[in-house]
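Residue-level listing of the chains:
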Amino acid sequence: MVDDRVHTSVGVVRPEKLLEQYYWVCQNCNYFTSSLKKTDYYVACPVCKAAASAPKPRLYKVPGAFTTDWRQNPKVTPYSKPMRQPTSQVFLAKEGDISVCLSSASDPYTLAYSQAGRFFLANQGPAQDGKGFKNPGFALCRFCGRDLSEEVRKQRTKVKGSKKTAKTSKSSESVPSTIPHNHPISDRPCPGGYERTHLGHDFLSDLLKLRFSQTIHPPILFEPVIHLTDGEEIASVEIGGLASQPTGMAFWRSLTSALLAAASQVIDVPRTELDGLFRPSEDRDGSAEIVIYDNVPGGAGYSRKIGERFREVLQQAYQIVESCSCGSSCYDCLRTYSNQFFHHELDRHQVKAFLQPLVEQVNPELFPELQDFAADANQVTHPQIMDQLGAYSRAASSTSIMSLSQLEEPFTLKRLTEIVNALQSRNEPLELIVHHLPHPVSVRERVLRKRLQQWIDQGALKLYLTDHDILPELCLSSQWERYRIALRYCPAQGDNAAYWLKTTTERGVIQVFDRLKQSQQQAKSVAAQDLIDRDTTVVFPDHTWKNLNIDQLRHQLGLEPILVGSKIIRVVYSDRYLNASNARLLADLLKGDWLASNTQVTIHIQQLYEEYRSNDTSRRADLEKVMTQQLSLQTNVKMRPYGRNYGTLSHSRELTIYHQDKKVHRVLFDKGMDFLKKTEGSYQVSESTYVVVTQ
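Okay, so let's go over this structure.

Definitions and limits used
- Residues numbered from 1 in each chain as written.
- Predicted model: local features only at pLDDT ≥ 70, side-chain atom pairs only at ≥ 80, totals over all residues.
- Heavy atoms only, no water.
- Core = buried A, V, L, I, M, F, W, Y, C linked by side-chain atoms within 4.5 Å.
- Buried < 20%, exposed > 50% of the residue type's maximum accessible area, 1.4 Å probe, protein only.
- Helix = DSSP H or I, 4+ residues; strand = E, 2+ residues; numbered from the N terminus.
- Contact = heavy atoms within 4.5 Å.
- Polar contact = N/O pair within 3.5 Å; in protein donor to acceptor, adjacent residues only side chain to side chain.
- Axes fitted to C-alpha atoms, helices over the stretch in contact; angles between N-to-C directions.
- Parallel < 35°, antiparallel > 145°, perpendicular 65-115°, else oblique.
- Nonpolar A, V, L, I, M, F, W, Y, C, P; charged D, E, K, R; others polar.
- Pairing = 2+ DSSP bridges.
- Right-handed = clockwise from strand over helix to strand, strands pointing away.
- Salt bridge = Lys/Arg side-chain N within 4 Å of Asp/Glu carboxyl O.

## Comments concerning the nonpolar core
Piece 1. Judged by nonpolar contacts, the single largest core of 47 residues is most densely connected at Leu255 and Leu355.
Piece 2. The element contributing the most residues to this core is helix α3 (residues 248-266), with eleven residues.
Piece 3. Here Leu355 is in contact with Leu255, Leu314, Ala317 and Tyr318, once residues within four sequence places are set aside.
Piece 4. Leu548, Met627, Val667 and Val693 belong to the second largest nonpolar core, which has 41 residues in total.

Right, dumping it as structure tokens:
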């Protein structure tokens, strides 16, 4: 993709210059070997001894570059990802030169880490032509490199449809033939014939080889393995079941997915930077081994970190498959975008049954923190929960309850609003238990008190105050009855980053819910009047404010009471980013008989980096001109220069009004004037915000 356009490859450049090589894969156990000679292959697999079902090695070439069809315009990037096709297969061609053992003699597994392992990735051709190694590959023109696979498939279908040529259709596939086509670059007719080939390339990366001891009886590998390189994960909550009876292959695929998911959490790296495969072990006894490797060029040392913390990885993998509430697999446990072709085979229950005794053996002591929180709980990193908390909040439904020591990060006003709005749409209140009510000291706390008061008045919130110390926990039910979640937030301490405890099983969620309900029964109910602050008015403009005249706008913003009365002798407004358009809106709000002929108007702004680079201060003069014309009063605009030596103007957008009778009023505009839009003399709110008026 370039500039939001998809450029589709239609062939390879200079196919005649590419070195021809061959590889062979056993269809029974996935044993892999490669060679420069076509004659080097096995009649029977040297590992599983099975007769070779595909005795001939496959030709592959390593393309140096690809080409598009120069006649075709690139297409617009699609909104959704396409279905992954099972066309790519990764093999470990050669282990690293120096192998380091990261396991002890007492461990029920062996871990061998090495650097610069050589992997081979084979792109085996269009999916409709076959699966895995049996796929004959791409039909590439020997001369221009265009991929003629689709044309060959159509020709073969046409030939097979004719009874007269049915006996010769099979042999025609193995003999290069000429199909009319044009050169992808010159667009001239190309006389070249095609040949079948796979495309491949080698890459180096760090790897960790894992083999379980036969004393724990891991399932035996019998069937062929197809491995797809990992793509970007899709965060979703999806429940599914098995479509077919699980096999040994299904187990190893599920276990590999679980270990990769756990490893990314334990060493805190994106899932896309790790990958893995499994293959028959060198012992040739039918057992399998898992190879985890860094999915970054040259390796990044992730594999070694995984090996060094493998006990934690095992524990986390078990927690992932144990705590999930799906039928067999979902995107919260085993599924990813890249393995969607095998979603029907993934089974967390098989992995759970295998890992449970292994975890008990490796880590006999369970984490007491998890036990204290809930059954079937697991630890999740803070970024991972924050990526999903918005979706959980917006899907919340009845029987949702929270306990918070105080209302602060990560339980912000925005997060509470998402939960309350989701519940309000289903006429259900949020039950919230707090240890401290926000005090009307700072602007943030005043806004929060006002919003809590409004929600209580609307019946959208049931607020409780407790004298007991409580932990930040929440239990969110979902509009999908089978999926609920309970969380506990564990803030950062010293060098330890913040993290979450999570459970999604029925017994775990019910355990947390019952504990929160018990805390609620021991708490005191908070009424709306307990949160009233008579010196502060907070309003929340939103998109429903439309077609207002200036008097209606002032009234709804709560500005009328602070404008009328004795004459205004001074106005001060501070806004780093104020521009001429927003200055006109500010002047409209201030203009009126309450201004005296000698009212002083001062505007504070900050020189921006772009203005500093170009030595531009014209914005100050433009604002003085606009405000002076709009208010018929001389306006003084002060621009604080950019740079550390001059300090930084406060980010708050604050209006201060001084009256002749010594009264002072302050108005905080959370988004300045950016939330307003004026069209043909009428005003409307373009984005939700809040305005705080203090007396």
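Picking up where we left off.
## A few points about the side chain of His435
Piece 1. Within the secondary structure, His435 is located in the loop between β19 (430-434) and α10 (443-458).
Piece 2. Separated by 3.5 Å, the side chains of His435 and Asp469 make a polar contact.
Piece 3. Not counting the four nearest positions on each side in its chain, His435 is found in contact with Leu404, Ser405, Leu465, Thr466, Asp467, His468, Asp469 and Ile470.

## Re the side chain of Glu431
Piece 1. By the element assignment, Glu431 lies in strand β19.
Piece 2. Taking the relative accessible area as the measure of exposure, Glu431 reaches 15% and is therefore buried.
Piece 3. Here the side chain of Glu431 touches Lys517 through a polar contact of 3.1 Å, side chain to side chain.
Piece 4. Residues within four places of Glu431 in sequence aside, it is in contact with Ser400, Ile401, Met402, Lys462, Lys517 and Gln520.

## Quick word on unusual backbone geometry
Piece 1. Notably, Asn615 is not glycine yet its phi reads approximately 55°, a positive angle.
Piece 2. Take Asn615: its relative accessible area is 67%, and that puts it in the exposed class.
Piece 3. One non-glycine residue, Ser632, lies in the positive phi region at around 60°.
Piece 4. Here Ser632 shows up in the loop between α16 (618-631) and β28 (635-640).

## Points about the packing of helix α9 (residues 413-424) against α10
Piece 1. Orientation of α9 relative to α10, taken along the N-to-C sense of each, is 10°, at an axis distance of 12 Å. Accordingly, the angle class assigned to the pair α9 and α10 is roughly parallel. Listed contacts from α10 to Leu413, Leu416, Thr417, Val420 and Gln424 of α9 are Val447, Leu448, Arg451, Trp455 and Gln458.
Piece 2. Residues of the contact of α9 with α10, tallied by class, amount to six nonpolar, three polar and one charged.

## Focus on the sheet that holds strand β25 (residues 536-539)
Piece 1. Taking strand neighbours across the sheet as the criterion, the seven strands line up as β25-β33-β30-β29-β26-β27-β28 in an open arrangement whose pairing is mixed. A strand with exactly one partner marks an edge of an open sheet, and here the two such strands are β25 and β28. Pairwise comparison of adjacent strand axes, ignoring direction, gives a mean angle of 15° for this sheet.
Piece 2. Direction of pairing for strand β29 (residues 653-659) relative to strand β30 (residues 664-669): antiparallel, over a ladder of six bridges. Each bridged residue has a counterpart across the sheet, and for Arg653 the counterpart in β30 is Phe669.
Piece 3. The sheet contacts of α10 involve β25, β30 and β33 (691-694), and relative to β25 the element is tilted by about 70°.

## Here's the deal with the pairing of strand β20 (residues 461-465)
Piece 1. Here five bridges tie β19 to β20, and the two strands are oriented parallel to one another. What sits directly across from Val434, in β20, is Leu465.
Piece 2. With respect to chirality, the unit in which β19 leads through α10 into the neighbouring parallel β20 is right-handed.
Piece 3. Looking at chain direction, β20 and strand β24 (residues 524-526) are connected through three bridges and run antiparallel.

## Concerning the pattern of salt bridges
Piece 1. Inspection of the entire model under this criterion finds 30 salt bridges.
Piece 2. Among the ionic pairs, Arg146 bridges to Asp69, the shortest N-O distance being 3.3 Å. Residue Arg146 is found in the loop between β11 (138-141) and α1 (149-160), and its partner Asp69 is found in the loop between β6 (66-68) and β7 (75-76); the two are separated by 77 residues along the sequence.
Piece 3. A residue is classified by how much of its surface remains accessible, and Arg146, at 11% relative accessible area, is buried.
Piece 4. The residue Arg515 makes a salt bridge to Glu473 at a minimum N-O spacing of 2.9 Å. Residue Arg515 is found in helix α11 (residues 506-521), and its partner Glu473 is found in strand β21 (residues 473-476); the two are separated by 42 residues along the sequence.
Piece 5. The exposure class assigned to Arg515 is partly exposed, which follows from its relative accessible area of 27%.
Piece 6. Several salt bridges converge on common partners, so that one network encompasses Glu95, Lys209, Arg211, Arg279 and Glu289.

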